[in-house]
Amino acid sequence: MIAKIIVDVPSAQTDRMFDYKVPEQWQAFIRPGMRVIVPFGPRKVQGFIVELTEHSEFKQIKSINELQDTSPVLTAELMELGKWLAEKTLSYQISAFQVMLPAALKTKVKKEIRLKANKLELPFFVQALFTEKDRIPFEEVQSLAKKEKIEIQTLLLEGKLTEHFLLIEKAKQKKVRFVVLNKAIENIAEIKLKIPSRAKKQHEMLEFLVNHPKAIQSTELLKVLQTTRSTLQALIDKEYVVETEEEVYREAMAELMIQPTQPLMLTPKQTEVLSPIVEAMDCARSETFLLHGVTGSGKTEIYLQAIAKGLEEGKEAIMLVPEISLTPQMVERFKGRFGDLVAVLHSGLSAGEKLDEWRKIQRQEVKVVVGARSAVFAPFQNLGLIIIDEEHETSYKQEDNPRYHARDVAIYRGEHHRCPVILGSATPSLESYARAQKGIYTLLTLLERVNARALPSVEVVDMREELRNGNRSMFSSQLMEKMKERLEKKEQIVLFLNRRGHSTFVMCRDCGYVATCEHCDVSFTYHRHQHRLKCHYCGDEQAMPTTCHSCQSEHIRFFGSGTQKVEEELTKVLPEAKVIRMDVDTTSRKGSHGRLLEAFGRKEADILLGTQMIAKGLDFPSITLVGVLAADSMLHIPDFRSAERTFQLMEQVSGRAGRHELPGEVYIQTYTPEHYSIELVQSHDYERFFQMEMNNRKRAGYPPYYFMALVNISDPELTKVISVSEKIAQFLKRELHSTSIILGPVVSPLARLKDRYRYQCVIKYKNEPKLERTLREIQEHYMKETNQGSLQIQIDLNPFLFM
DNA sequence: AGCACGCCGACT
DNA sequence: GTCGGCGTGCTC
Ligand SMILES: [Zn+2]
Ligand SMILES: [Zn+2]
């Protein structure tokens, strides 16, 4: 019996099947979709069985070493999907398979050499290798001289040394670290003398550990002492304290007594929307619905009832939610209705926990999965419904290989399972809405909130006017007045600041010099806790400079997301207001995001001030005022979707106000009040926005009128990049249809990354049957150089990020 | 991606 | 001669 296998070697040359013999003992139950370990040249690798046959063209077939599964981890459907995914995204098959599975299922194989003979009989250099141990990692052999390597080879043949392969399971059990004082230490006072007195934190920590002799969790210790790992590390290095690792049993997310809920009565409007979905489910029709429902229109209840309908028929459902919206409250709504039948997949889980949830689906113990993008690959076998909530969110597109969009995968799976797909949004993406208008998707609308509560009133404030009236502060007089009013009434306020630069940078106030990474063309990000500069792209870091590199001035300082400055001004103008600030600074610690929100929910503050991150999920009854401080900051980003993003964001932020009994008001401050993406938020007029924006896209030749593809070429050698990208552009122009537009090559907006220069070509096309083939040809043509050389060619179909 | 093999310049 | 650096090619 022969197995055709895709091996875990992501390279163009190995992106095909390899044949292996199936040992007798496994022939009865081996199946396609199972994982195996196979010999591959001089090493061993993991692989997936894609086919079982009796014949092979190949002469010298090796045997499978290990069968890792008793039942396939990839169903026949998912294997087909994987093939399709690799084709559509121009990526390797192995990468497509891996992206569909939890990372914990991945196995890497390490080679080690063991000593099997009397050490003294062996050459000195071998004795040295095995000092105080009888096994060494193979890399140590690799770094030896050539002659010595050959000697090792002979010793292996003679059996004096043996090769062993270790299977490294990716992310096993979750581990927690504990620290205690080193037991060997008898005289603490003596030690304390050895630590320099300026190391205050280390003294504090020692003191604490002396007073608390019981082992304490490392993270706990750091939190209590308000310090960082470096303090602890220093003490560990000096061997004054000992750190141990312990496995903890993974407990399912603290099930805090979730109240079971019953289906709610639907409004006539909701019923009208639900019925075609149910009908499609009944007829097993793979129809895609675009549910355009304003915030508070009861979309979630429709999802819940549609899922319930499927469950009655013994069908399963996938519910996709953007990562940031995947809050405990969200999960609670699904667990409240479906109890134990729900699995949850989100990034907060450890690799092991994700595997646990995934196994529940595989073993058919659950019927519903709620999760972020990758949950679209849930291994259900009898899907009745796939829902993508907030379908306009860009996080549904994976930004590294394979660059897939969850929406495309959902529709593919919907067709396979003959089940409907619901795309839900208050502000649908232009692409989806256009498809709905063309009749490719079925449009369903819910333009009223349940209980007919009014949408919040939105006021656009012209900041130019404010400036003319002599108001140079960041709060307009209207917003100021409204804030005072709310403070008196003890109602809550949300202030939203979306700045263009997402992070804090360091600039000289005298000459304007900005600290930038020397490997990438980006400015450094200032990290407050460590008082250091870090590059977001390559991870390089350095100390915060005290003087300007360019003019030696001492007036060099960091410029934050701006929230800090707003906070300062708030305390000046509204000293009585309690403010909670949420930005990268205050939420970088794990869990702090949730804690701050909870505190605001308990009304421990009057004003919540934050960046993008507070646009979603805030649902507190006493928020009655929302202020957007600078609406146009996003508008001027050079991205053809910036107007769409602005409108979506403004709508989303508006939705935070007046979600309950108290009516809400929104004030949007802007320097371009006449721009339609801001003006139309006032009337919450999506339809009109859509028309305007479609006109612009048509005029400029952007999606949805054109499809786009991005080819990014990078290399440490600038001349190489330029010549290759020019050749590629020419090739594209020659091969593709005359109606397709090839832009570039131009230098990428992120011109240099990790010491590599980056150029790009953008392809705009309407109908291009040769596209995938042509792009494949480019990949193959440069295969040698991308494989062994330093050249990289990245291809992104329907890109969201043009970098 | 690894890993081995083999060619070639530099040095004992 | 021999050592080690690196370019080239293969993996069922
Ligand atoms: Zn960098
Ligand atoms: Zn300067």
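Every value quoted in this text rests on a predicted model; they were computed, and no experiment measured them.

### Quick notes on the packing of helix 11 (residues 299-312) against helix 12 (residues 328-338)
Look at helix 11 against helix 12: their axes get within 11 Å of each other, and the N-to-C directions meet at 35°. The two elements helix 11 and helix 12 meet at a crossing, and its hand is right-handed. Taking contact as the criterion, the partners of T300, E301, L304, Q305, I307, A308 and L311 in helix 11 are, on helix 12, R333, F334, R337 and F338. Along the lines of polarity and charge, the residues of the contact of helix 11 with helix 12 split into six nonpolar, two polar and three charged.

### Here we look at the environment of K62
Locating K62 in the fold gives a position in the loop between strand 4 (43-53) and strand 5 (66-67). The partly exposed category is assigned to K62, whose relative accessible area is 39%. Other than its neighbours up to four places away in sequence, K62 contacts Y20, K21, P39 and G41. A distance of 3.4 Å separates the side chain of K62 from the backbone oxygen of G41, its partner in a polar contact.

### Observations concerning the pattern of salt bridges
With the rule as written, the count across this model stands at 41 salt bridges. Linking D639 and R645 is a salt bridge whose minimum nitrogen-to-oxygen distance equals 3.6 Å. Using a relative accessible area of 17% as the deciding quantity, one classes D639 as buried. With a relative accessible area of 22%, R645 lands in the partly exposed category. Residues joined by salt bridges that share partners form a network here, namely K482, E485, R486, E491 and E665.

### Points about the protein's contact with DNA strand B
Surveying the vicinity of DNA strand B reveals the residues V9, P10, S11, Q13, P42, R43, Q142, K146, Q153 and N787. At 2.7 Å from a base nitrogen of DNA strand B is found a side-chain nitrogen or oxygen belonging to R43. For DNA strand B, a phosphate oxygen lies 3.1 Å from a polar atom in the side chain of Q142.

### A closer look at the domain arrangement of chain A
Here the domain parsing of chain A yields domain 1 (109-168), domain 2 (174-248), domain 3 (268-446), domain 4 (457-502 + 561-696), domain 5 (505-559) and domain 6 (707-796). Distance between the C-alpha centres of domain 3 and domain 6: 35 Å. With four residues of domain 3 at the contact, the number on the domain 6 side is four residues. Interface of domain 3 and domain 6: buried area, both sides summed, is about 290 Å²; carbon and sulfur atoms make up 26% of it. Across the contact surface, domain 3 and domain 6 share two salt bridges. Measuring nitrogen to oxygen at the nearest pair gives 3.8 Å for the salt bridge that ties R403 to D796. At the surface where domain 3 touches domain 6, the tally comes to two residue pairs in polar contact (both at pLDDT 80 or more).

### What about the nonpolar core?
Core analysis: the largest hydrophobic core is formed by 88 residues, its most contacted members being L74, V369, F377, L608 and I668. For this core, the domains that each give at least three residues are domain 3 (268-446) and domain 4 (457-502 + 561-696). Among the nonpolar cores identified, the runner-up in size contains 32 residues, and L266, V368, I387 and L446 belong to it.

### Some points on the pairing of strand 29 (residues 665-670)
Consecutive side chains along a regular strand alternate between the two faces of the sheet. The buried fraction of strand 29 is high, at six of six residues. Taking every second residue as pointing to the same face, both faces of strand 29 are buried, with E665, Y667 and Q669 on one and V666, I668 and T670 on the other. The parallel pair strand 28 (residues 623-628) and strand 29 is bridged by helix 21 (residues 642-654), and the resulting crossover is right-handed.

### Considerations on helix 20 (residues 592-601)
Of all the residues in helix 20, the buried ones are S592, L597, A599 and F600. Angular distribution of buried residues about the axis of helix 20 spans 160°; they occupy a single face of the element. Where helix 20 is buried, its residues meet strand 20 (492-496), strand 26 (579-582), helix 19 (584-587), strand 27 (607-610) and strand 28. Positive backbone phi, at 65°, marks K603, one or two positions downstream of helix 20.

### Topic: helix 24 (residues 718-735)
For helix 24, with 18 residues, the first-to-last C-alpha span of 26 Å sits near the 26 Å given by 1.5 Å per residue. All of the buried residues along helix 24 are V721, V724, S725, I728, A729, F731 and L732. Here the buried residues of helix 24 occupy an arc of 165° about the axis, which is enough to place them on one side. Exposed and facing more than 90 degrees away from the buried side of helix 24 are T719 and R734. Along its buried surface, helix 24 packs onto strand 30 (707-715), strand 31 (741-753), strand 32 (756-765), helix 25 (771-781) and strand 33 (792-797).

### Remarks on the packing of aromatic side chains
Counted by the stated rule, this structure contains 14 aromatic pairs. The lysine or arginine in question, R641, covers the ring of F800, its NZ or CZ lying 4.3 Å from the ring centre.

### Concerning the sheet that holds strand 19 (residues 457-462)
Taken in spatial order, the six strands make up an open sheet running 19-29-28-20-27-26, and their pairing is parallel. With one partner strand each, in any of the chains shown, strand 19 and strand 26 form the two edges of the open sheet. Strand-to-strand twist across the sheet, computed as the mean angle between neighbouring axes with direction ignored, equals 15°. In this structure, strand 26 lies alongside strand 27, joined through four bridges in parallel fashion. Of the residues in strand 27, the one forming a bridge with R581 is L609. Across the sheet, helix 20 lies against strand 20, strand 26, strand 27 and strand 28, angled at about 155° from strand 26, the strand it touches most.

Calculation criteria
- Residues numbered from 1 in each chain as written.
- Chains lettered and ligands numbered in written order.
- Predicted model: local features only at pLDDT ≥ 70, side-chain atom pairs only at ≥ 80, totals over all residues.
- Heavy atoms only, no water.
- Axes fitted to C-alpha atoms, helices over the stretch in contact; angles between N-to-C directions.
- Helix = DSSP H or I, 4+ residues; strand = E, 2+ residues; numbered from the N terminus.
- Left-handed = near helix turned anticlockwise from the far one by under 90°.
- Contact = heavy atoms within 4.5 Å.
- Nonpolar A, V, L, I, M, F, W, Y, C, P; charged D, E, K, R; others polar.
- Buried < 20%, exposed > 50% of the residue type's maximum accessible area, 1.4 Å probe, protein only.
- Polar contact = N/O pair within 3.5 Å; in protein donor to acceptor, adjacent residues only side chain to side chain.
- Salt bridge = Lys/Arg side-chain N within 4 Å of Asp/Glu carboxyl O.
- Near = heavy atom within 4 Å.
- Domains from an automatic or database assignment.
- Buried area = accessible area lost by both parts, 1.4 Å probe.
- Core = buried A, V, L, I, M, F, W, Y, C linked by side-chain atoms within 4.5 Å.
- Right-handed = clockwise from strand over helix to strand, strands pointing away.
- Arc of directions from axis to C-beta.
- Expected span 1.5 Å × (residues − 1).
- Phe/Tyr/Trp six-rings, centres within 6.5 Å; stacked < 30°, edge-to-face > 60°.
- Lys NZ or Arg CZ within 6 Å of the ring centre and 35° of its normal.
- Pairing = 2+ DSSP bridges.

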